[in-house]
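Per-entry structural report
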Amino acid sequence: MLDMTEHETYIETAQHAAREAGTVLLHHLGNLREIEVKNQQQFNLVTEADRNAERRIVDILLEAFPGHGILGEEGGAHNIGASHRWIIDPLDGTTNYTHAFPIFSISIALERDGELLAGVIHDPVRDELFHAARGAGAFLNGKRIHVSDISRIEKAMLVTGFPYNIRENPDYCYERFIGFLKEAQAIRRLGSAALDCAYVAAGRLDGFWEVALQPWDKAAGHLLIEEAGGRVSDFAGAPHDIHQPPFLGSNGRIHDDMLRVLEEAKSLVITMKARE
Ligand code: IPD
Ligand code: CA
Ligand code: CA
């Protein structure tokens, strides 16, 4: 557990940075000059909103904590090797954002020597600010949140996302999606992994799986789910490492069932035309 004033300073600064980035994103929403592709991947987009939001966040964090490290999606690496490091996704849900589809978020997490200490996820459209600090719980707009108490997968509403390179590397995405379609009450695909995690933490969704996420997509979300009483792991049930791609987060009660479906789905034979 963090010292009270220490963690409050981290959380307050990250919340301020997330709100400022939210203002940047709302400013550009529906009003983009250019949409570029990233790393020559046709479906992986980046905009001036992503870059401007990240710049604003990094400026605020480094002004408050000049010795801290930064790992930002849009290239912001500073103070490599520092014990404290901020992990930033300035716009999680860029594809939604480029369509002015109002589901996207800002995700900011702090780790110390590899341990997650604090996390903030902000949805500027709904004015929802989620935060968690290790050992101190998870909150939405200052009110304590908890995972759901759904204990059967057939009563569960799940969420997932798909990697941009799914066409070249399907990695059992289709099989697992069908596996969960057969067992869960419903599946959603929101388009923002950070919000997927925040909604599991808040009990709005019961579980979230995605095969290939980056640290900035899920660092804050990982802590939020754990601090809200849920469970996080890889696809084999081992502790989740934010630097490893597969992510499974749930209310804990349906976690073993989700692990079973993830494994069993690998032997499904998909004969759809689209899969050939
Ligand atoms: C993406 C979103 C999406 C998930 C992708 C991520 P981005 O992040 O979180 O929901 O399915 O895997 O890459 O590119 O919008 O920051
Ligand atoms: Ca992201
Ligand atoms: Ca992003």
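What you see is a predicted model; the values in this text were computed from it and never measured. (Residues numbered from 1 in each chain as written. Chains lettered and ligands numbered in written order. Predicted model: local features only at pLDDT ≥ 70, side-chain atom pairs only at ≥ 80, totals over all residues. Heavy atoms only, no water.)

A short note on the domain arrangement of the chain
Rules: Each domain's limits were defined by an automated method or a database of domain assignments. The contact criterion used is simple: two residues touch if any of their non-hydrogen atoms lie within 4.5 Å. When a carboxyl oxygen of Asp or Glu lies within 4 Å of a side-chain nitrogen of Lys or Arg, that pair is called a salt bridge. For the purposes of this entry, the term helix denotes a DSSP run of H or I that reaches at least four residues, the term strand denotes a run of E that reaches at least two, and both are numbered from the N terminus. Under this grouping Gly is polar, as are all residues other than the nonpolar Ala, Val, Leu, Ile, Met, Phe, Trp, Tyr, Cys and Pro and the charged Asp, Glu, Lys and Arg.
What the domain assignment lists for the chain is domain 1 (4–144) and domain 2 (153–275). Computed from C-alpha coordinates alone, the two centres of domain 1 and domain 2 are separated by 22 Å. Taken together, the contact pairs 42 residues of domain 1 with 27 residues of domain 2. Counting across the domain 1 and domain 2 interface gives one salt bridge. Across the pair R204 and E128 runs a salt bridge, and its minimum N-O distance is 2.8 Å. Broken down by secondary-structure element, the contributors of at least two residues to the side of domain 1 that touches domain 2 are β2 (41–47), β3 (69–72), β5 (84–92), α3 (94–98), β6 (105–112), β7 (115–123), β8 (128–133) and β9 (137–140). For the side of domain 1 that touches domain 2, the element with the highest residue contribution is β7, accounting for seven residues. The residue inventory of the side of domain 1 that touches domain 2, partitioned by class, reads 20 nonpolar, 12 polar and 10 charged.

Notes on the packing of helix α4 (residues 173–183) against helix α7 (residues 255–264)
For the record, the criterion: For helices, the fitted axis covers only the stretch in contact; all axes are lines through C-alpha atoms, and the angles between them, taken along N-to-C directions, range from 0 to 180 degrees. For classification, angles of less than 35 degrees are called roughly parallel, those exceeding 145 degrees roughly antiparallel, those between 65 and 115 degrees roughly perpendicular, and all remaining angles oblique. Note: crossing handedness is left-handed where the near helix turns anticlockwise from the far helix by less than a right angle, and right-handed where it turns clockwise.
Put simply, α4 and α7 touch, their axes get as near as 8 Å, and they point 135° apart. With respect to α7, the axis of α4 lies oblique. Relative to α7, α4 is oriented so that their crossing is right-handed. In this structure, α4 contributes R176, G179, F180 and E183 to the contact, and α7 contributes M258, R260, V261 and L262. Among the residues forming the contact of α4 with α7, the class breakdown is four nonpolar, one polar and three charged.

A word on the pairing of β5
A regular strand places its side chains on the two faces of the sheet in alternate fashion. For clarity, the threshold we go by: Burial here depends on accessible area, computed with a 1.4 Å probe over protein chains only, as a share of the maximum for the residue type. Under 20% is buried, over 50% is exposed, and the range in between is partly exposed. Being paired, for any two strands, means DSSP has found at least two bridges between them.
In terms of residue burial, β5 counts as a mostly covered element, since eight of its nine residues are buried. Note that β3 and β5 share four bridges and pair parallel. Across the sheet, L71 pairs through a bridge with I87, a residue of β5. Relative to β6, β5 is paired through seven bridges, and the arrangement is antiparallel. Within the sheet, the bridge partner assigned to H84 lies in β6 and is R112.

Brief notes about helix α6 (residues 215–227)
Note the threshold: For a helix, the expected span equals 1.5 Å multiplied by the number of residues minus one.
Taking 1.5 Å of rise per residue, the 13 residues of α6 would be expected to cover 18 Å, and the 18 Å separating its terminal C-alpha atoms lies within 8% of that figure. Counting buried residues along α6, 12 of its 13 residues qualify, which places the element largely inside the surrounding structure. Of the residues one or two after α6, G229 is the one with positive phi, at around 95°.

Thoughts on the coordination of the calcium ion (ligand 2)
Filter applied, for reference: Here the term donor refers to an N, O or S atom within 2.8 Å of the metal (or 3.2 Å for Na, K and Ca), and because water is left out of the atoms, sites may appear incomplete.
At this site the calcium ion (ligand 2) is bound by D89 (OD), D92 (OD) and D217 (OD), with donor distances of 2.1 to 2.2 Å. Counting gaps between the donor residues of the calcium ion (ligand 2) yields the pattern D-x2-D-x124-D. Between the calcium ion (ligand 2) and the calcium ion (ligand 3) the interatomic distance comes to 3.7 Å, and D89 is a ligand of both metals. With D92 in strand β5 and D217 in helix α6, the pair connects residues that are 125 residues apart, well separated along the chain. Given a relative accessible area of 12%, D217 falls into the buried group.

Looking at the coordination of the calcium ion (ligand 3)
Around the calcium ion (ligand 3), the donor atoms from the protein are E73 (OE), D89 (OD) and L91 (O), and they sit 2.2 to 2.4 Å away. When the donor residues of the calcium ion (ligand 3) are listed from N- to C-terminus, their spacing reads E-x15-D-x1-L. Overall, L91 belongs to the buried group, its relative accessible area being 1%.

A closer look at helix α2 (residues 48–64)
Test applied: A 3.5 Å cut-off defines polar contacts: any pair of N or O atoms within that distance qualifies, except that in protein one atom must be a possible hydrogen donor and the other a possible acceptor, and neighbouring residues in sequence count only when both atoms are side-chain atoms.
In a regular helix each residue adds 1.5 Å, so 17 residues correspond to 24 Å; α2 covers 25 Å between its end C-alpha atoms and thus fits that length. Here α2 has its buried residues at E48, A49, D50, A53, E54, I57, V58, I60 and L61. Two or three places before A49, at the start of α2, stands the capping residue T47, its side-chain oxygen 3.0 Å from that residue's backbone nitrogen.

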